[in-house]
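# Commentary on secondary and tertiary structure
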Amino acid sequence: NLHLRLSCLGGPVYEVPGKRGATSLLATLLTKDTKFRTAAEVARCIEEVGGVFSAFSGNNSFGLAVEVLPTDSDRALALLADAVQHPAVHRETFQQERDAQLAAIRQDNDDVVTFGRKLLRRKFFGPHPLAIDAQGDEPGLTALQPSDIAALHRRLMVAGNVVLSVAGDFEVRRLVPRLKAFLNRLPRGVVRSQAGAFAGA
C-alpha cells in the first residue's frame, strides 16, 4: 500500500487559553467537509477504493493520514490537498463532532483510573497548557465556535509547520515532485506556542 502522513505541531500549547481541545476537533473536521466535497462525499471517495483517510492528534501534534493502493495515489493526494487547503467548517458537522468529543471526555470522567490520571496531570503541570490533555475539557470545548477552528487552521497549517512523509509502494520520480508541488502551495509562515505566557514555560 501507499501511506501518506501529514504532521503539524499543535495541541494544548498552541491553543487559545479557555478553548482547549480545539486542535483535536480541527484534526477530525479536516477529514469531513471541504469547499468542494461534503463529508459524505469525502467518505465515499476514499471508501470506494478501499482506502483509509483519518486524523490524529496529541499533546503537541496533529495531522492527517491516508492509505490507499499505489494505483490510487492521485485520489489520495487530491483528498489530502482538499482537506488541507480548502476545509469548510460547517456548523452542523462542527456541532456533531464537538458533541462526540464532549461525550468522550464525559466517558473518561466516569472511569476512575482515567479520571485519576487527569487529576494527577493537572497537579503536575499546574497552570501550563499541558495540564489538560489533547481532548480538552468541557468548558473549553463548549466555548469553541466554528470561527475558532477556522482561525486555528489558518495559524497552524502553514509551510513552516508541516511535515509530509510517504512510505510503501511508490515511484520516487513520479510521486515526489507532486508532493513538493503540494507543499509549495501552502501559505508561508511558522508557528509559536502560547505557552510562554505561563509560569515555568
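Please refer to the structure placed before this passage.
What you see is a predicted model; the values in this text were computed from it and never measured. (Residues numbered from 1 in each chain as written. Predicted model: local features only at pLDDT ≥ 70, side-chain atom pairs only at ≥ 80, totals over all residues. Heavy atoms only, no water.)

## Quick look at the side chain of glutamate 15
Heads up, the condition is: The helix and strand labels rest on DSSP assignments: H or I over at least four residues marks a helix, E over at least two residues marks a strand, and numbering proceeds from the N terminus. The buried label applies to any residue whose accessible area, calculated with a 1.4 Å probe on protein chains only, is under 20% of its type's maximum; exposed applies above 50%, and partly exposed to all values in between. Two residue types count as positive, namely Lys and Arg, and two as negative, namely Asp and Glu; His and chain ends fall outside the count. Any carboxyl oxygen of Asp or Glu within 4 Å of a side-chain nitrogen of Lys or Arg constitutes a salt bridge here. Whenever two N or O atoms come within 3.5 Å, that pair is a polar contact, provided that in protein one can donate a hydrogen and the other can accept it, and provided that, for residues adjacent in sequence, both atoms are side-chain atoms.
Tracing the backbone through its elements, the reader meets glutamate 15 in the loop between strand 1 (2-9) and helix 1 (22-29). For the buried glutamate 15, which has no salt bridge, the nearest side chain bearing the opposite charge is arginine 20, at an N-O separation of 4.5 Å. Only 2.8 Å separates the side chain of glutamate 15 from the backbone nitrogen of threonine 23, close enough to count as a polar contact.

## What about the layout of surface pockets?
Worth spelling out the cut-off: Whether a set of points on the 1 Å grid over the protein atoms alone is a cavity depends on a 1.4 Å probe fitting there but being unable to get out, while an open set qualifies as a pocket with protein on both sides within 12 Å along at least five of seven lines; lining residues are those with an atom within 4 Å of a point. Grid points are joined across faces, edges and corners, and a volume is the space filled by probe spheres set on the points.
Considered as a void within the structure, the largest pocket measures approximately 150 Å³ in volume. Pro87, Ala88, Val89, Ala150 and His153 are, among the 14 residues lining the largest pocket, the residues nearest its centre. Secondary structure elements with two or more residues in the lining of the largest pocket: helix 1 and helix 7 (146-156).

## A closer look at the environment of alanine 100
Considering the arrangement of structural elements, one finds alanine 100 in helix 4 (residues 91-109). The exposure class assigned to alanine 100 is partly exposed, which follows from its relative accessible area of 43%.

## A few points about helix 5 (residues 112-125)
Test applied: Expected helix span is given by 1.5 Å per residue-to-residue step, counting one fewer step than there are residues.
In this model helix 5 runs 20 Å from its N-terminal to its C-terminal C-alpha over 14 residues, within 8% of the 20 Å that 1.5 Å per residue would give. Following helix 5 by one or two positions, glycine 126 adopts a phi angle in the positive range, close to 60°.

## So, the pattern of salt bridges
As enumerated under the stated definition, the model contains eight salt bridges in all. The salt bridge involving aspartate 108 is made with lysine 118; its shortest N-O contact spans 3.9 Å. Separated by ten residues along the polypeptide, aspartate 108 in helix 4 and lysine 118 in helix 5 bring together distant segments of the chain. Judged by relative accessible area, which is 11%, lysine 118 ranks as buried. Taken together, the shared-partner salt bridges in this structure form one network comprising Asp74, Arg174 and Arg178.

## Thoughts on the packing of aromatic side chains
Applied cut-off: Note on ring pairs: Phe, Tyr and Trp rings are taken, using the six-membered ring of Trp, and paired if centres are within 6.5 Å. Classes follow the plane angle, with under 30 degrees stacked, over 60 edge-to-face and the rest tilted. Whether a charge sits over a ring depends on NZ of Lys or CZ of Arg being within 6 Å of the ring centre and within 35 degrees of the ring normal.
Throughout the structure, instances matching the rule amount to one aromatic pair. Ring plane angle 85° and centroid distance 5.0 Å describe the contact between phenylalanine 124 and phenylalanine 125, whose orientation is recorded as edge-to-face. Between arginine 5 and the ring centre of phenylalanine 56, over which it is positioned, the NZ or CZ distance is 3.9 Å.

## Digging into the side chain of histidine 153
Worth spelling out the cut-off: We call two residues contacting when some pair of their heavy atoms lies within 4.5 Å.
Inspection of the secondary structure assignment puts histidine 153 in helix 7. Classification of histidine 153 as buried rests on a relative accessible area of 12%. There is a polar contact of 2.8 Å between the side chain of histidine 153 and the backbone oxygen of valine 84. Once residues lying within four places of it in the same chain are set aside, the contact partners of histidine 153 are Leu26, Leu30, Ala83, Val84 and Pro87.

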